[in-house]
Amino acid sequence: MAPPAARLARLSRAVSFSACHRLHSKSLSDEENLKLFGKCNNPNGHGHNYKVIVTVRGEIDPVSGMVINLTDLKEYMQEAIMEPLDHKNLDKDVPYFAEVVSTTENVAVFIWENLKKLLPMGTLYKVKVYETDQNIVVYKGEETISEK
């Protein structure tokens, strides 16, 4: 009897964190920032309860039956997301955002880059960040839109 074919699966895990930020670009004047970001440019900032869904992919291990051990994924997410971001002022407490506007798009990139360093190579598939129920960013590690 032939061995079973390898099966590829995707596994997702969610976490939530609370953080505040101010949308403000150092490349723009105060007037330009206010026009672009509106109330999100409030000098005192504002906060969100973010939800992050991380999806990994890989072959289902024939012995363990898992793509990745959920305990390991939970620890990676704790280190890459919760420790640097939860209950923080993104602009003041997270060095990455000292020079990068703390949009949800850039939060997703930050999380991707942190997780990529921890997860087994090639397993990270998608980072989905909910800033609100209406504002959601999906990042899959793409760097640019390729021209056809």
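Described in the following lines is the structure provided in the data block.

Cut-offs applied
Residues numbered from 1 in each chain as written. Predicted model: local features only at pLDDT ≥ 70, side-chain atom pairs only at ≥ 80, totals over all residues. Heavy atoms only, no water. Helix = DSSP H or I, 4+ residues; strand = E, 2+ residues; numbered from the N terminus. Expected span 1.5 Å × (residues − 1). Bend = angle between axes of the 7 residues up to and from the residue. Contact = heavy atoms within 4.5 Å. Polar contact = N/O pair within 3.5 Å; in protein donor to acceptor, adjacent residues only side chain to side chain. Axes fitted to C-alpha atoms, helices over the stretch in contact; angles between N-to-C directions. Parallel < 35°, antiparallel > 145°, perpendicular 65-115°, else oblique. Left-handed = near helix turned anticlockwise from the far one by under 90°. Nonpolar A, V, L, I, M, F, W, Y, C, P; charged D, E, K, R; others polar. Buried < 20%, exposed > 50% of the residue type's maximum accessible area, 1.4 Å probe, protein only. Pairing = 2+ DSSP bridges.

## Overview of helix α2 (residues 70-85)
In step 1: Here α2 spans 21 Å end to end across 16 residues, near enough to the 22 Å set by a 1.5 Å rise per residue.
In step 2: The largest bend in α2 is about 40 degrees, located at glutamine 78.
In step 3: The inward-facing, buried residues of α2 abut β1 (8-21), β2 (46-59), β3 (88-89), α3 (90-93) and α4 (104-118).
In step 4: Put simply, asparagine 69 is the residue that caps the front of α2, since its side-chain oxygen is 2.8 Å from the backbone nitrogen of threonine 71.
In step 5: Phi turns positive one or two residues past the end of α2, at histidine 87, with a value near 55 degrees.

## Thoughts on the packing of α2 against α4
In step 1: Contact geometry for α2 and α4: axes closest at 8 Å, N-to-C directions at 140 degrees. Relative to α4, α2 is oriented oblique. Seen along the crossing, α2 lies across α4 with a hand that is right-handed. Note on element contacts: α4 touches α2 through Val107, Phe110, Ile111, Asn114, Leu115 and Leu118, opposite Tyr76, Met77, Glu79, Ala80, Ile81, Pro84 and Leu85.
In step 2: Looking at side-chain class alone, the contact of α2 with α4 contains eleven nonpolar, one polar and one charged residues.

## Focus on the side chain of histidine 21
In step 1: With respect to the helices, strands and loops of the structure, histidine 21 is situated in strand β1.
In step 2: A polar atom in the side chain of histidine 21 sits 2.8 Å from the backbone oxygen of serine 102.
In step 3: Those residues in contact with histidine 21, other than ones at most four positions away along the chain, are Gly45, His46, His48, Tyr50, Asn89, Leu90, Asp91, Ser102 and Glu131.

## A word on the environment of glycine 58
In step 1: Here glycine 58 is to be found in strand β2.
In step 2: Residue glycine 58 is classed as buried on the basis of its relative accessible area of 15%.
In step 3: Along the backbone, glycine 58 and leucine 124 are 66 residues apart, and their C-alpha atoms lie at a distance of 8.9 Å.
In step 4: Apart from the residues lying within four places of it in its own chain, the contact partners of glycine 58 are Arg7, Leu8, Ala9 and Val67.

## Some points on the sheet that holds β2
In step 1: Overall, mixed pairing links the five strands, which are arranged β3-β1-β2-β4-β5 in an open sheet. Edge positions in the open sheet fall to β3 and β5 (136-139), since each of these has one partner strand only.
In step 2: Contacts between α2 and the sheet are confined to β1, β2 and β3, with β1 contributing the most and set at about 25 degrees to the helix.
In step 3: Lying on the sheet, α4 is in contact with β1, β2, β4 (124-130) and β5; it crosses β4 at an angle near 145 degrees.

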